[in-house]
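# Descriptive analysis of the structure
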Amino acid sequence: MYLPPHDPHVDDPMRFKPLFRIHLMERKCATVECMYGHKGPHNGHIQIVKKDEFSTKCNQTDHHRMSGGRQEEFRTWLREEWGRTLEDIFHEHMQELILMKFIYTSQYDNCLTYRRIYLPPSSPDDLIQPGLFKGTYGSHGLEIVMLSFHGKKAKGTKITGDPNIPAGQQTVEIDLAHPLQLPDIENLRDFSELSRIVLEVQEQVRREEQEREQRQEEEEHSQQAASQPASPLGGEGAEGEETAAGAEGTTQDKAPASQPFVLPMGVISRNEDYPRTCRICFYGTGLIAGHGFTSPERTPGVFVLFDDDRFGFIWLELKSFSLYSRIKVSFQNAQAPSREAFDEMLKNIQSLAT
């Protein structure tokens, strides 16, 4: 199991923790040991469910228990997962979220189902190399997000989740066709000025979507009236996309190599050690919800590209900032066999979350 570094140190390396050990014997026999807990290896079981999926089961879960009961288990987990004690955490809401996470994760006792995750395919036109990133999520701590590119959109998909937004959900979506021109550094400190710029772009995006839907309805209506079969995708729509992509490329080409950046007053960041220059910003949306993924909604925000390995997202409604740093672990055999296989995997992990 790969664990993120302790919050909020996103640039620190990932931590590795073995969960199971397999001893291969003669004639395709094997013994399986569970490595979970603090009493050493003990009897476990691994079963291949189907292609790209297997399950694990601990046969001696009493080895996971501690003499001090659940309280000792929680304190040990807190030191390992968060690098701190309960006395270090003064915020009552954060204590509640951490306790919820402990209850969620400990109830499975290392009896889990695993499914293969492909790394996103890359293209020369991508803004940066896609991949896995560690990100700050306020009181939830650090979480793992997969950044992938899909034409004029970029998506950040949660690989690990929390009590509000589960793994598999699309935490952020970046509209690469709508770059944002940030105000000068003094005006950038004014949250209301940044908010005005973002909401204007949000309204522009809404109008463009309405116009696109209206054109599609008109085209369908005219095709039905003429009793002709629907034409393949192309024509005006394709030209519009090509023009938008061209405009996007022009905008990025003209963007300065770097520009000063500072968070507006009132925006909360777990990590104050974020870069003070950025390459380019885009309009985007972030997914927020109540506990248990209740009342989810996409809210406006700002995607900030710092360099090839770091980006940020300003959550306008929450007045908070997430900083993301690339995971530089080399995963073997993790490339998707095709773009279609990767897209199918994204659909599958999102359906599991819902």
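Note that this is a predicted model, so its numbers are computed, not measured.

A word on the domain arrangement of the chain. Bring the parts together and some accessible area is lost; that lost area is often taken as the interface size. Once the domains are mapped, the chain shows domain 1 (1–113) and domain 2 (129–194 + 256–350). Centre-to-centre, using C-alpha coordinates, domain 1 lies 27 Å away from domain 2. Both faces considered, domain 1 and domain 2 share a buried interface measuring about 1,700 Å² in area, 66% of it formed by carbon and sulfur atoms. Taken as a group, Val-10, Met-14 and Leu-97 account for 33% of the area that domain 1 buries against domain 2, more than any other trio of residues on that side. Applying the counting rule to domain 1 against domain 2 returns two salt bridges. The closest approach of N and O atoms between Arg-270 and Asp-7, which form a salt bridge, is 2.4 Å. Applying the counting rule to domain 1 against domain 2 returns five residue pairs in polar contact (both at pLDDT 80 or more).

This part is about the sheet that holds strand 4 (residues 30–34). Read from one edge of the open sheet, five strands run 3-4-5-6-7, paired in antiparallel fashion. Only two strands of the sheet have a single neighbouring strand rather than two, namely strand 3 (20–24) and strand 7 (112–115). Strand-to-strand twist of the sheet, defined as the mean angle between neighbouring strand axes without regard to direction, takes the value 30°. Direction of pairing for strand 5 (residues 42–50) relative to strand 6 (residues 53–58): antiparallel, over a ladder of six bridges. In the sheet register, Ile-46 faces strand 6, and the bridge partner there is Thr-56.

On to a nonpolar patch on the surface, then. Among the surface-exposed residues, Tyr-2, Phe-16 and Phe-331 lie close enough to one another that they form a single nonpolar patch of about 330 Å² accessible area. The residue Phe-331 is located in the loop between strand 18 (320–326) and helix 6 (339–353) in this model. The class for Phe-331 is partly exposed, based on a relative accessible area of 30%.

To continue, consider helix 4 (residues 191–225). Two residues of an α-helix separated by three or four positions point the same way, owing to the 3.6 residues in each turn. The end-to-end C-alpha separation of helix 4 is 51 Å, in line with the 51 Å expected for 35 residues at 1.5 Å each. Looking at helix 4, one finds that the buried residues are Phe-191, Leu-194, Ser-195, Ile-197, Val-198, Val-201 and Val-205. For helix 4, the secondary structure elements touched by its buried residues are strand 11 (170–180), helix 3 (185–188), strand 15 (280–290), strand 16 (294–307) and strand 17 (310–315).

With that settled, the discussion passes to the environment of Leu-112. Residue placement: Leu-112 occurs in strand 7. Note: C-alpha distance between Leu-112 and Glu-81 (31 residues apart in sequence) is 19 Å. For Leu-112, the contacting residues outside a window of four places in its chain are Phe-54, Ser-55 and Thr-56.

Definitions and cut-offs
- Residues numbered from 1 in each chain as written.
- Predicted model: local features only at pLDDT ≥ 70, side-chain atom pairs only at ≥ 80, totals over all residues.
- Heavy atoms only, no water.
- Domains from an automatic or database assignment.
- Buried area = accessible area lost by both parts, 1.4 Å probe.
- Salt bridge = Lys/Arg side-chain N within 4 Å of Asp/Glu carboxyl O.
- Polar contact = N/O pair within 3.5 Å; in protein donor to acceptor, adjacent residues only side chain to side chain.
- Pairing = 2+ DSSP bridges.
- Helix = DSSP H or I, 4+ residues; strand = E, 2+ residues; numbered from the N terminus.
- Axes fitted to C-alpha atoms, helices over the stretch in contact; angles between N-to-C directions.
- Patch = residues over 30% accessible without salt bridge, like charges linked within 9 Å, V, L, I, M, F, W, Y side chains within 5 Å.
- Areas by Shrake-Rupley, 256 points an atom, 1.4 Å probe, with all protein chains shown as cover.
- Buried < 20%, exposed > 50% of the residue type's maximum accessible area, 1.4 Å probe, protein only.
- Expected span 1.5 Å × (residues − 1).
- Contact = heavy atoms within 4.5 Å.

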